[in-house]
Amino acid sequence: MRNYTPDKPDFRLYLPSIAIAVAAFATQLYFPLFYRQHTDLFDSFFIYLLLAQFVHLSWTHLALNLAGMALLNWGFERVLHPWQWLLTQLASLFAVALYLEFVEPIQWYCGLSGALHFQFAVCLALAWCQPNRPQNTSLPLTLLSVGLLAKLAVEWAQGPHVDAHIGGAIATQAHRGGIVFGLAYAALLLAFRRAASNRAKPASP
């Protein structure tokens, strides 16, 4: 313990999340009813879905999602490189919009919860597949995985329902879409990592 030196935090990891948080805060402040006015503002429902993720039903809704994003960055800090965090967060926004338009169509949507489920699924999958993963991470990863599956099962049983704390209905479709697309994205990222690792290995004599 005396010789242990913790890794220095890489603040580049947090820049995409900070940018998203600032955008969400500004949108909530100046366009709080954006998700209700999409038909007057945009012809493309996809563009609406993409932008509506920065709007929330209430300040409580926004605070919960930003807290979840902060916990993801802190808990899975070393799972992704800084540029991979940026790509993952951008991919999460596009993936949720695609899912809600083409797979489980929805009349309206707002909030970052779908994108957070995408990022959570990616981080969990990559954490499980890390080479030389410490044994003491198995229990927390198992609990997180079981908790996520249990949450999905409860949401599936309940269906879309209203939560008084956030001020409106919970779009469980976005949560499912985020997890499905997040696991597909993680598999793709793992395949690229494996291919890059194989190319980096010296050729056997």
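Residues numbered from 1 in each chain as written. Predicted model: local features only at pLDDT ≥ 70, side-chain atom pairs only at ≥ 80, totals over all residues. Heavy atoms only, no water.

Enquirer: Can you walk me through the confidence of the model for the protein in this structure?
Expert: Low-pLDDT stretches of the model should not have their predicted coordinates read in fine detail. Here the protein averages 86 in pLDDT, while 88% of its residues score no lower than 70. For the protein, the element scoring lowest by mean pLDDT is helix 2 (residues 38–41), at 58; helix 6 (residues 113–128) scores highest, at 96. The low-confidence segment residues 1–6 (pLDDT under 50) makes 0 contacts with residues lying over four places distant or belonging to another chain. (pLDDT = per-residue confidence, 0-100. Helix = DSSP H or I, 4+ residues; strand = E, 2+ residues; numbered from the N terminus. Contact = heavy atoms within 4.5 Å.)

Enquirer: I'm lost on the packing of helix 1 (residues 15–30) against helix 4 (residues 59–75) in this one. Help?
Expert: Orientation of helix 1 relative to helix 4, taken along the N-to-C sense of each, is 180 degrees, at an axis distance of 11 Å. Classified by the interaxial angle, the pair formed by helix 1 and helix 4 is roughly antiparallel. Touching S17, I20, A21, A24, F25, Q28 and L29 of helix 1 are W59, L62, L66, M69 and N73, all from helix 4. Here the residues of the contact of helix 1 with helix 4 sort into 9 nonpolar, 3 polar and no charged. (Axes fitted to C-alpha atoms, helices over the stretch in contact; angles between N-to-C directions. Parallel < 35°, antiparallel > 145°, perpendicular 65-115°, else oblique. Nonpolar A, V, L, I, M, F, W, Y, C, P; charged D, E, K, R; others polar.)

Enquirer: For this particular structure, what's the right way to read the side chain of S113?
Expert: Residue placement: S113 occurs in helix 6. Once you skip the residues sitting within four places of it in the chain, S113 turns out to touch N65 and H175.

Enquirer: I tried to follow the side chain of H61 on my own but got confused; where do I start?
Expert: By secondary structure assignment, the location of H61 is in helix 4. When its relative accessible area of 7% is taken as the criterion, H61 is described as buried. (Buried < 20%, exposed > 50% of the residue type's maximum accessible area, 1.4 Å probe, protein only.)

Enquirer: Is there a simple way to think about the packing of aromatic side chains in this case?
Expert: Any aromatic ring pair is given by two values, namely how distant the centres are and how the planes are angled relative to each other. Per the counting criterion, the structure on display carries 6 aromatic pairs. With a centroid separation of 6.2 Å and an interplanar angle of 35 degrees, the aromatic rings of F46 and F94 are classed as tilted. You can see F46 sitting in helix 3 (residues 45–52) and its partner F94 sitting in helix 5 (residues 82–103), a full 48 residues away along the chain. F94 sits in the partly exposed class, given a relative accessible area of 40%. Both rings, one in Y99 and one in F181, keep their centres 5.7 Å apart while their planes meet at 90 degrees; by these two values the pair is edge-to-face. In this pair, Y99 is assigned in helix 5 and F181 in helix 8 (residues 172–200), connecting sequence segments 82 residues apart. (Phe/Tyr/Trp six-rings, centres within 6.5 Å; stacked < 30°, edge-to-face > 60°.)

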